Amino acid sequence: MEPIRKHKGLVYPINRSNIDTDQIIPKQFLKRIERQGFGQFLFYNWRFDDDGNERSDFSLNDTKYDGASILVAGENFGCGSSREHAPWALQDYGFKVIIASSFADIFYNNCVKNGILPIQLTEEQTSELVKKAEGEPFTLSVDLENQVVFDDAGFEASFEIINYLREMLLNGWDEIAVTLTHEDKISTFENTKA
Amino acid sequence: MSKPKTIIDKIWDRHVVHKEENKPDLIYIDLQLVHEVTSPQAFEGLRMKGRRVRRPDRTFATMDHNVPTIARHIINDPISKKQMETLQKNCEEFEVPLADINHPDQGIVHVIGPELGLTQPGKTIVCGDSHTSTHGAFGALAFGIGTSEVEHVLATQTLWQAPPKTMNVKVNGRLSPAITAKDLILAIIAKFGVRFGTGYVLEYTGEAIRDLSMEQRMTICNMSIEAGARAGLISPDETTFNYLKGRRHVPKDEEFDQAVAEWSALATDAEATYDAMVEIDANEVEPQVTWGTNPSMCIPVSATIPAPESAKTDASKEEIERALEYMGLEANKPISSVTIEHVFIGSCTNSRISDLRRAAKVVEGKTVHTGVRAMVVPGSQSVKLVAESEGLDKVFTEAGFEWRDAGCSMCLAMNDDIVPPGERCASTSNRNFEGRQGNGARTHLVSPEMAAAAAIEGRFVDVRTYLTTPV
Ligand code: SF4
């Protein structure tokens, strides 16, 4: 997993709540057995019409968001299915940071395991960011070490993340390798309690 | 005496392998269930690092999401076929037991776990599937995980998890006759919204919950994730033990008695406290129908479709507008005036034998409405066999239903069982998200009885009046 410490990037706003993982990546694309290549299917049913042509009414198709790497949304982002294909699709499309006013639990974990930084801000803050990003191209800076998000025009917000997950993102750990350093404890548990 | 504890805390405490300051706990996982869609990348990850599956004996795999439910040996879609073959190959290579498409134990992962007695009180159970919460019905701590975590559990049989916050979902009073667990859980989500459980493990308590059969309890716990909770559970009792007795993986004879004693001790202590609580009156619950694009957009069958101006806390005006547009519905019309083209009885929420029996009772001697395509998809091959031995298949097929083999089917429409764009389906599944049953498909979540009645009438009817006034 790639470490993430600081990131500056173009913001794509999507002013909706309860965006579920069925919308992020529809089920017809879950059949692949690889981790890569899901970006082309991101938000598929919103991005494309029945004939596979881009829909002009979905903002991600607007060229002004080409190259966006920070997504900002409303509440309960990533609810529904546990499919990790959702963060894989977001990452493959180019997103490195997801900001929302709240996240579904499984999705939040899935992001971290893939080196995507999920940031929870208040509804007021996400609304402000959405508004800014809906206008002129808008870039935001994220500093994970100091747990802060800021722009060049005075916006600044700090965010919480549990220390363990922060360390994992900062260092790009292989979590299994970390766990296996506790192998003896797992064996003892198995021999005595499991 | 030690401090009173909830069942959630008790299970947690028994599974901590390692504790460290400023870190989540490392907890042991007793059982991992595996299916074809969320596992290929996990096995591939093991292979790339030369890792093995630590405990194949604590792992069990099946094929459900992708499998055809008709002529099941002909898998037309080469990518689906490859995904199933990949699971087969992975299970062989890593020596994981597999109920494949030809196996009599095959079925939806959350139906077969309990059926085989793999699911037991006090266990920690995970699966790369959000409806793993189903297994909580037995007093297990069961939750969905992503593929990276699947890989982690395969390799280490553990997970790093922060201790969960606990919430008591207290159901007071009793359900009226003919009101099902599905109506209750939909009513709970309609009342408290799709986010109230986020960050919590729910425990369902109260008389109405105690009254429920095991299969109805599974329906409740199944939809915990639709309330945002990764896990929801019910303290085990006699109902639980009677269900488990004699099942294949459940201890026998004296060992069973010993297990029952241990399981009984898991139940939440009388004085235990939770981090949060919500309450609902069971007496008030009517048959429910969802009208929108998330499960909290739900009303009693006697009600009218909400108008955007009526926006309450959970859905904003814009969200209601958007949902009405997607669903092709008009505000303020009675939901009972809405006609449907499809009926799906199935999914890990409502495809067990008692679900099919109750639906068959409604259907018996009647005919599916003209223009309605109705299908029954049993949750497992073994449910299918039992149903056939009772003649339920005949009841359904004679009424005009299709009778299929086990799988997820139209719950997520990954195989060929799809609702076409713009068409409407009364479905016993758990998600009415946009496109869930097919691109542009319009889903209304209901109980098996309500789905059966909708199939006969071609629209939503109150199954209670329907059962007493034969047509
Ligand atoms: S039946 Fe539906 S909800 Fe249940 S496991 Fe299958 S796809 Fe998921």
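Structural data are supplied above this passage.
All of these numbers come straight from a predicted model, not from anything done at the bench.

## Quick look at the overall build of chain B
Assigned secondary structure in chain B consists of 16 helices and 19 strands. At 22 Å, chain B has a C-alpha radius of gyration in line with the 23 Å of a compact globule built from 471 residues. The principal-axis extents of the C-alpha atoms in chain B amount to approximately 60 × 55 × 45 Å. Within the span of chain B, comprising 471 residues, buried residues form 66% of the whole. When contacts within chain B are restricted to residue pairs at least 6 apart in sequence, long-range pairs at least 24 apart make up 76% of them.

## Looking at the environment of Glu279(B)
Residues and elements named next belong to chain B. Note that Glu279 resides in strand 12 (residues 276-281). Separated by 202 residues in the primary sequence, Glu279 and Asp77 have C-alpha atoms spaced 47 Å apart. Beyond its immediate stretch of four places on either side in the chain, Glu279 contacts Lys170, Asn172, Lys191 and Phe192.

## Topic: the interface of chain A and chain B
Contact residues are listed per partner, giving 52 residues for chain A and 65 residues for chain B. Between chain A and chain B, a total of about 4800 Å² is buried, with carbon and sulfur atoms accounting for 52% of that surface. Of all residues in chain A, Lys27(A), Lys31(A) and Ile33(A) bury the most surface against chain B, accounting for 15% of the area lost on that side. The tally of links from chain A across to chain B stands at 10 salt bridges. In this structure, Glu190(A) and Arg54(B) form a salt bridge, with 2.9 Å as the shortest nitrogen-oxygen distance. Counting across the interface, chain A meets chain B through 35 residue pairs in polar contact (both at pLDDT 80 or more). Every element with two or more residues in the side of chain A that touches chain B is listed here: helix 1 (21-24), helix 2 (44-47), helix 3 (85-93), helix 4 (105-113), helix 6 (163-171), helix 7 (175-180) and helix 8 (183-192) of chain A. Residue composition of the side of chain A that touches chain B, by class: 16 nonpolar, 17 polar and 19 charged.

## Section: the site of the ligand
Residue and element names in this part refer to chain B. The immediate surroundings of the ligand are formed by His65, Ile108, His110, Asp129, His131, Ser347, Cys348, Cys408, Cys411, Leu412, Asn430 and Arg436. Given that more than half its atoms are within 2 Å of the pocket grid, the ligand belongs to the largest cavity. For the shell around the ligand, the per-class residue count stands at five nonpolar, five polar and two charged.

## Things to note about the sheet that holds strand 19 (residues 442-445) of chain B
Residue and element names in this part refer to chain B. Sheet architecture is open: five strands sit in the order 17-16-15-18-19, paired in parallel fashion. Of all the strands in the sheet, just strand 17 (402-403) and strand 19 have a single pairing partner and so form its edges. As defined by bridge partners, strand 18 (residues 424-427) adjoins strand 19 across four bridges and the pair is classed as parallel. Bridge pairing in strand 19 links Ser427 to Leu445. In the packing of helix 15 (residues 448-457) onto the sheet, the strands contacted are strand 15 (342-345), strand 16 (373-376) and strand 18, and the crossing angle to strand 15 comes to about 150°.

## A few points about the nonpolar core
Within the largest apolar cluster, 124 residues are counted, with the highest numbers of intra-cluster contacts made by Phe43(A), Phe77(A) and Phe401(B). The dominant element in this core, judged by the number of residues it contributes, is helix 15 of chain B, at seven residues. Those residues in contact with Phe43(A), other than ones at most four positions away along the chain, are Ile14(A), Ile19(A), Gln23(A), Ile24(A), Phe58(A), Leu60(A), Leu71(A) and Leu90(A). Residues Ile27(B), Ile179(B), Ala259(B) and Ala282(B) belong to the second largest nonpolar core, which totals 80 residues.

## Observations concerning the packing of helix 12 (residues 353-363) of chain B against helix 15 of chain B
All names here are of chain B. In contact at an axis separation of 8 Å, helix 12 and helix 15 are set at 30° when each is read in the N-to-C sense. The orientation of helix 12 relative to helix 15 falls into the category roughly parallel. The two elements helix 12 and helix 15 meet at a crossing, and its hand is right-handed. Facing helix 12, whose interface residues are Asp355, Arg358, Ala359, Val362 and Val363, helix 15 presents Pro448, Glu449, Ala452, Ala453 and Ile456. Looking at side-chain class alone, the contact of helix 12 with helix 15 contains seven nonpolar, no polar and three charged residues.

## As for unusual backbone geometry
Even without a glycine there, the phi angle at Phe43(A) is positive, about 45°. Residue placement: Phe43(A) occurs in the loop between helix 1 and helix 2.

## Describing empty space enclosed by the protein
All names here are of chain B. Under the criterion given, the structure shown has two cavities of 30 Å³ or more. In this structure, the largest cavity occupies an estimated 230 Å³ of space. Lining the largest cavity are 23 residues, with His65, Asp129, His131, Leu412 and Arg436 sitting closest to its centre. Grouping the constituent residues of the lining of the largest cavity by class yields seven nonpolar, 11 polar and five charged. Taken as a whole, the second largest cavity spans an internal volume of roughly 30 Å³. Lining the second largest cavity we find Thr180, Ala181, Lys182, Glu215, Gln216, Thr219, Asn350, Ser354, Asp355 and Arg358. Elements supplying a minimum of two residues to the lining of the second largest cavity: helix 6 (181-192), helix 8 (214-222) and helix 12. Classifying every residue of the lining of the second largest cavity gives one nonpolar, five polar and four charged.

## Points about the packing of aromatic side chains
One pass over the structure, following the stated rule, counts 25 aromatic pairs over all chains. Seen from their ring centres, Phe256(B) and Trp263(B) are 6.1 Å apart, and the 85° between their planes marks the pair as edge-to-face. We note that Phe256(B), like Trp263(B), is buried. By the ring-pair criterion, three or more aromatic residues cluster together here, those being Tyr12(A), Tyr65(A), Tyr93(A) and Phe95(A).

## Some thoughts on the sheet that holds strand 1 (residues 16-18) of chain B
For sheets, the rule is that strands pair by backbone hydrogen bonds, running either parallel or antiparallel. Across the sheet, which stays open at both edges, the three strands sit in the order 1-2-8 (chain B) with antiparallel pairing between neighbours. In the strand order of this sheet, the two ends are held by strand 1 and strand 8 (158-161) of chain B, each with one partner. Ignoring strand direction, the axes of neighbouring strands in this sheet form an average angle of 45°. Helix 8 of chain A rests against strand 1, strand 2 (25-28) and strand 8 of chain B of the sheet, and its axis sits at about 150° to strand 1 of chain B.

The rules behind these values
Residues numbered from 1 in each chain as written. Chains lettered and ligands numbered in written order. Predicted model: local features only at pLDDT ≥ 70, side-chain atom pairs only at ≥ 80, totals over all residues. Heavy atoms only, no water. Helix = DSSP H or I, 4+ residues; strand = E, 2+ residues; numbered from the N terminus. Rg over C-alpha atoms; globule rule 2.2 N^0.38 Å. Buried < 20%, exposed > 50% of the residue type's maximum accessible area, 1.4 Å probe, protein only. Contact = heavy atoms within 4.5 Å. Buried area = accessible area lost by both parts, 1.4 Å probe. Salt bridge = Lys/Arg side-chain N within 4 Å of Asp/Glu carboxyl O. Polar contact = N/O pair within 3.5 Å; in protein donor to acceptor, adjacent residues only side chain to side chain. Nonpolar A, V, L, I, M, F, W, Y, C, P; charged D, E, K, R; others polar. Near = heavy atom within 4 Å. 1 Å grid on protein atoms, 1.4 Å probe; cavity = no way out; pocket = protein on both sides within 12 Å on 5 of 7 lines; lining within 4 Å. Sits in = over half its atoms within 2 Å of the grid points. Pairing = 2+ DSSP bridges. Axes fitted to C-alpha atoms, helices over the stretch in contact; angles between N-to-C directions. Core = buried A, V, L, I, M, F, W, Y, C linked by side-chain atoms within 4.5 Å. Parallel < 35°, antiparallel > 145°, perpendicular 65-115°, else oblique. Left-handed = near helix turned anticlockwise from the far one by under 90°. Points joined across faces, edges and corners; volume = space filled by probe spheres on them. Phe/Tyr/Trp six-rings, centres within 6.5 Å; stacked < 30°, edge-to-face > 60°.

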